[in-house]
Amino acid sequence: FPPAPNPARVGFYLREKGIDVEQVLVDFLKGEQNSPEHRARNPAGTAPVLELDDGTFLPESLAIIEYLEELYPEPSMIGTDPVSRARTRAVERDIEISVYLRIDRYVHAYRSPLGLPPNPSVAEQELARLPNGLARLEARLEGNEFVMGPAPSNADCTLLAALNFGRFADLSPGDDSPNVRAWFERYALRHL
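Cut-offs applied
Every chain is numbered independently, its residues counted from 1 as its sequence is written. Given that the model is predicted, a residue must reach a pLDDT of at least 70 before its local features are reported, and side-chain atom pairs must reach 80 or more before they are shown or counted; all residues, however, enter totals for whole chains, interfaces and linings. The side-chain values count all of the structure's non-hydrogen atoms but skip hydrogen atoms and water molecules. Every patch collects residues that have over 30% relative accessible area and no salt bridge, joining them within 9 Å if they carry like charges and within 5 Å if they are nonpolar side chains (Val, Leu, Ile, Met, Phe, Trp, Tyr). We get accessible surface area from the Shrake-Rupley algorithm with a probe of 1.4 Å; when it comes to residues, only the shown protein chains can shield them. One speaks of a salt bridge when a side-chain nitrogen belonging to Lys or Arg is within 4 Å of a carboxyl oxygen belonging to Asp or Glu. Asp and Glu are treated as the negative residues and Lys and Arg as the positive ones, with His and the ends of the chain left uncounted. In plain terms, the charge of a residue is placed at NZ if it is Lys, CZ if Arg, CG if Asp and CD if Glu. The helix and strand labels rest on DSSP assignments: H or I over at least four residues marks a helix, E over at least two residues marks a strand, and numbering proceeds from the N terminus. Here the term buried applies to any residue with accessible area under 20% of the maximum for its type, exposed to any over 50%, and partly exposed to those in between, with areas from a 1.4 Å probe on protein chains only. What we call a nonpolar core is a set of buried Ala, Val, Leu, Ile, Met, Phe, Trp, Tyr and Cys residues that are connected through their side-chain atoms within 4.5 Å. Pairs of residues are marked as contacts when any of their non-hydrogen atoms sit within 4.5 Å. Between N-to-C directions, angles cover 0 to 180 degrees, with each direction set by a line fitted to C-alpha atoms, over the stretch in contact for helices. Any angle from 65 to 115 degrees is called roughly perpendicular, while one under 35 is roughly parallel, one over 145 is roughly antiparallel, and all others are oblique. For this classification, the nonpolar set comprises Ala, Val, Leu, Ile, Met, Phe, Trp, Tyr, Cys and Pro, the charged set comprises Asp, Glu, Lys and Arg, and every other residue, Gly included, is treated as polar. By definition here, a helix of n residues has an expected span of 1.5 Å times n minus one. The arc in question is formed by the directions pointing from the helix axis toward the C-beta atoms. Here a polar contact means two N or O atoms within 3.5 Å. Within protein one must be a hydrogen donor candidate and the other an acceptor candidate, and residues neighboring in sequence count only if both atoms are side-chain atoms. Whether two aromatic rings pair depends on their centres lying within 6.5 Å, for rings of Phe, Tyr and Trp, where Trp uses its six-membered ring; planes under 30 degrees apart make the pair stacked, over 60 edge-to-face, and the rest tilted. A positively charged side chain is recorded as over a ring if its NZ (Lys) or CZ (Arg) lies within 6 Å of the ring centre. The angle to the ring normal must also be within 35 degrees.

Taken together, the side chains of E22, E51, D53 and D54 present a region of like negative charge at the surface. Structurally, the position occupied by D53 is in the loop between β1 (49–51) and β2 (57–59). For D53, a relative accessible area of 85% gives the class exposed.

Next comes the structure, spelled out in structure tokens:
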């Protein structure tokens, strides 16, 4: 389901790596995530799911990315040594918790593309929490083309998935986040 942030994150990663994977679309708007075919791939009914060569399935975007990174280590998207991998994972996780999840919850509480009922108090709460994560990214992106420095990483894919999903609710980095906004404008050109 390409509009959702988790499938989008994997899609951005695949494009960065130049990995071609056959895609099977699951239309969440039509409830296809609950179909027997999809539940056979992933009993939780979420997306994305990667079918492995042995016919089994691997759910969860970060698990899929880690698996593919092992198969296709060049160019590295998670770091080339233990320290750079740990730092990339730490920053990516911070983005996931402080930006990605905040935007996801805001969008669904404000104007859910899945048709969930609005919840103004949740939307307001998530919007109030978002500036802390954006401020850390603002500092990190000062003088850097990408989140982790001179080359794209999984952290960029996660951030792009989050900010792109925010557009469903007309949410974008504001004047207090010029580095994040400039990064989004540059990086989106690679994928959107």
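This next bit is on the nonpolar core. Judged by nonpolar contacts, the single largest core of 42 residues is most densely connected at Y13, I95, V99, I103, V147, L159 and W183. Sorting the residues of this core by element identifies α1 (5–17), α3 (61–71), α4 (82–111), α5 (120–141), α6 (154–166) and α7 (178–191) as the ones contributing at least two each. The contact partners of I103, leaving out residues within four places of it in the chain, are L130, A162, L163, F165, G166 and L171.

Glycine aside, residues mostly have negative phi angles, and peptide bonds mostly take the trans form. The amide bond that connects A47 to the next residue, P48, takes the cis arrangement and shows omega of 10 degrees. Structurally, the position occupied by P48 is in the loop between α2 (36–41) and β1. Phi is positive for D170, close to 55 degrees, though the residue is something other than glycine. One can find D170 in the loop between α6 and α7. A relative accessible area of 60% places D170 in the exposed class.

Running from amino to carboxyl end, α1 crosses α4 at an angle of 135 degrees, the nearest separation of the two axes being 12 Å. Considering their axes alone, α1 and α4 lie oblique with respect to each other. Across the interface between the two elements, P5, N6 and R9 from α1 touch E92, E96, Y100 and D104 from α4. Here the contact of α1 with α4 is built from residues that sort into two nonpolar, one polar and four charged.

A few words now on α7. The terminal C-alpha atoms of α7 lie 20 Å apart, and with 14 residues this matches the ideal 20 Å at 1.5 Å per residue to within 8%. Restricting attention to buried positions, one finds in α7 the residues V180, W183, F184, Y187, A188 and H191. Seen end-on, α7 carries its buried residues on one side only, within an arc spanning 125 degrees. On its buried side, α7 packs onto α1, α5 and α6.

For R167, the position within the fold is in the loop between α6 and α7. Separated by 64 residues in the primary sequence, R167 and I103 place their C-alpha atoms 9.6 Å from one another. Ignoring sequence-local partners within four residues, the contact set of R167 consists of F184 and L192. Reaching out from R167, the side chain makes a polar contact with the side chain of N164 at a distance of 2.8 Å.

Before going further, it helps to spend a moment on the packing of aromatic side chains. The final tally for this structure, using the stated rule, is five aromatic pairs. Ring geometry for F1 against F28: centres 5.1 Å apart, planes inclined by 20 degrees, an arrangement best described as stacked. Linking F1 in the segment before α1 with F28 in the loop between α1 and α2, this pair joins segments that are 27 residues apart in sequence. F28 shares its class with F1; the two are buried. Cluster of aromatic residues (ring-pair linked, three or more members): F146, W183 and Y187. A cation over a ring is seen here: R9 above Y100, with NZ or CZ 4.4 Å from the ring centre.

All we've got here are geometric facts, nothing functional implied.
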